[in-house]
Amino acid sequence: MAIQMIPPVAAPDFLTRCGWGGAEILPLAGDASFRRYFRVVAAGRRAVLMDAPPPHEDPRPFIQIAEHLTGLGFSAPTIIASDLDQGLVLLEDFGDARMREVVDADPDSEYAIYSEVVDLLGQLHKHPAADLPPYSREVLQREAGLFVEWYCPAVSLTVDETAYRAAWDGALEAIEDAPAVTVLRDYHAENIMLIAGREGLAGLGLLDFQDALAGHPAYDLVSLLQDARRDVSPELEAEMLALYCGDVDAGFDAAYAVLGAQRNAKILGIFTRLWKRDGKPRYLEYLPRVWAYLERDLEHPALVGVAAWFAENVPLQARAAAWAHLPE
């Protein structure tokens, strides 16, 4: 079911209680979850109202990570007020200059902006991970399993699920030695704002990090550089990896490829689920791009077992072009 951008019934009373009574509540955005966002405007002030309705959503993790990030000097939204029972949070408004649209409108800015965004990750990774659950093999396996749970049935494939899990077990060994960092998990061009009037890393506003875990530093790089929602060229990807790592060693290179394949398999499953279960077919347009990333990742030697599984179970005609003729 498509998200209805009607303000929650409890919003006016909540805003009155936190000093924003009579504010205009304007639709801003929905996302792939049950969360919705509204812009609140009153007497020359602006803020963002997050509607994270229980029991589907819990805003506490967002608040926890926002406070962790701001405590380290990064620009996460300041929490103005919250009503956790209602799932309402009033946030600092970072404006409208989202990284994706800024870069798309001015391609010459791409290298400089991506460099700053990669530098932010490097600075974040210098700090110990926040107090978060681990991004464990079990979690990574469960996420990769969304591909066989949702995508494969949608294209009428019967696959060997036991062999799929075994192939991932072998590949995921490549990520187990790195020290854990705070992994925001959805670090890409639609979740980064360019904040007017702020310089350097403070000018990069971070969003959509409520699912953060403690895991491998390559994961958020994959989120950024294999972005499901916009094309990132292999050349820019290589330049940004070199900027983050210097000389990319074999271990990091393998981990990056494995996490890239895992994330892209997960996304194929999630975007199919958003269509089939949640009535959001717009996510289908991203599938060919995600397939292109996945097939490139599968060329890495660390993924030989996973690549063999795909070769045996997912024919080419059920891959990148399949979204155009998925059965109803």
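Summarised in this report is the structure supplied together with it. The shown structure was predicted, so the numbers you read here are calculated from the model rather than taken from an experiment. (Residues numbered from 1 in each chain as written. Predicted model: local features only at pLDDT ≥ 70, side-chain atom pairs only at ≥ 80, totals over all residues. Heavy atoms only, no water.)

The buried count for strand S2 (residues 36–42) comes to six of seven residues, which makes it a mostly enclosed element. Where S2 lies against strand S3 (residues 45–51), seven bridges are found, and the strand directions are antiparallel. Within S3, the position partnered with Arg 39 by the bridge is Val 48. Counting the residues that bridge the hairpin from S2 to S3 gives two residues, and of these Ala 43 lies at a positive phi of roughly 50 degrees. (Buried < 20%, exposed > 50% of the residue type's maximum accessible area, 1.4 Å probe, protein only. Helix = DSSP H or I, 4+ residues; strand = E, 2+ residues; numbered from the N terminus. Pairing = 2+ DSSP bridges.)

Using the criterion set out here, one finds 26 salt bridges in the structure. Residues Glu 176 and Arg 137 are paired through a salt bridge, measuring 2.4 Å at the closest nitrogen-oxygen approach. One end of the pair, Glu 176, is in the loop between helix H7 (161–171) and strand S6 (181–183); the other, Arg 137, is in helix H5 (residues 137–144), with 39 residues separating them in the sequence. Since its relative accessible area comes to 47%, Glu 176 is described here as partly exposed. Between Arg 319 and Glu 295 there is a salt bridge whose closest N-O contact spans 3.2 Å. With Arg 319 in the segment after helix H12 (304–313) and Glu 295 in helix H11 (residues 287–297), this pair connects stretches of sequence that are 24 residues apart. Within the structure, one salt-bridge network assembled from shared partners comprises Arg 98, Arg 100, Glu 101, Asp 104, Glu 110, Glu 190, Arg 229 and Arg 230. (Salt bridge = Lys/Arg side-chain N within 4 Å of Asp/Glu carboxyl O.)

This part is about a negative patch on the surface. Together, Glu 149, Asp 160, Glu 161 and Glu 312 line one region of the surface with negative charge. For Glu 161, the position within the fold is in helix H7. (Patch = residues over 30% accessible without salt bridge, like charges linked within 9 Å, V, L, I, M, F, W, Y side chains within 5 Å. Areas by Shrake-Rupley, 256 points an atom, 1.4 Å probe, with all protein chains shown as cover. Lys, Arg positive; Asp, Glu negative; His and termini not counted. Charge placed at Lys NZ, Arg CZ, Asp CG, Glu CD.)

This next bit is on helix H9 (residues 234–245). Look at H9: 16 Å from first C-alpha to last across 12 residues, which is about the 16 Å you get at 1.5 Å a residue. Along H9, the positions that sit buried rather than exposed are Leu 236, Glu 237, Met 240 and Leu 241. Down the axis of H9, the sector holding all buried residues measures 135 degrees, keeping them to one side. In the segment just after H9, Gly 246 is the residue with positive phi, at about 75 degrees. (Expected span 1.5 Å × (residues − 1). Arc of directions from axis to C-beta.)

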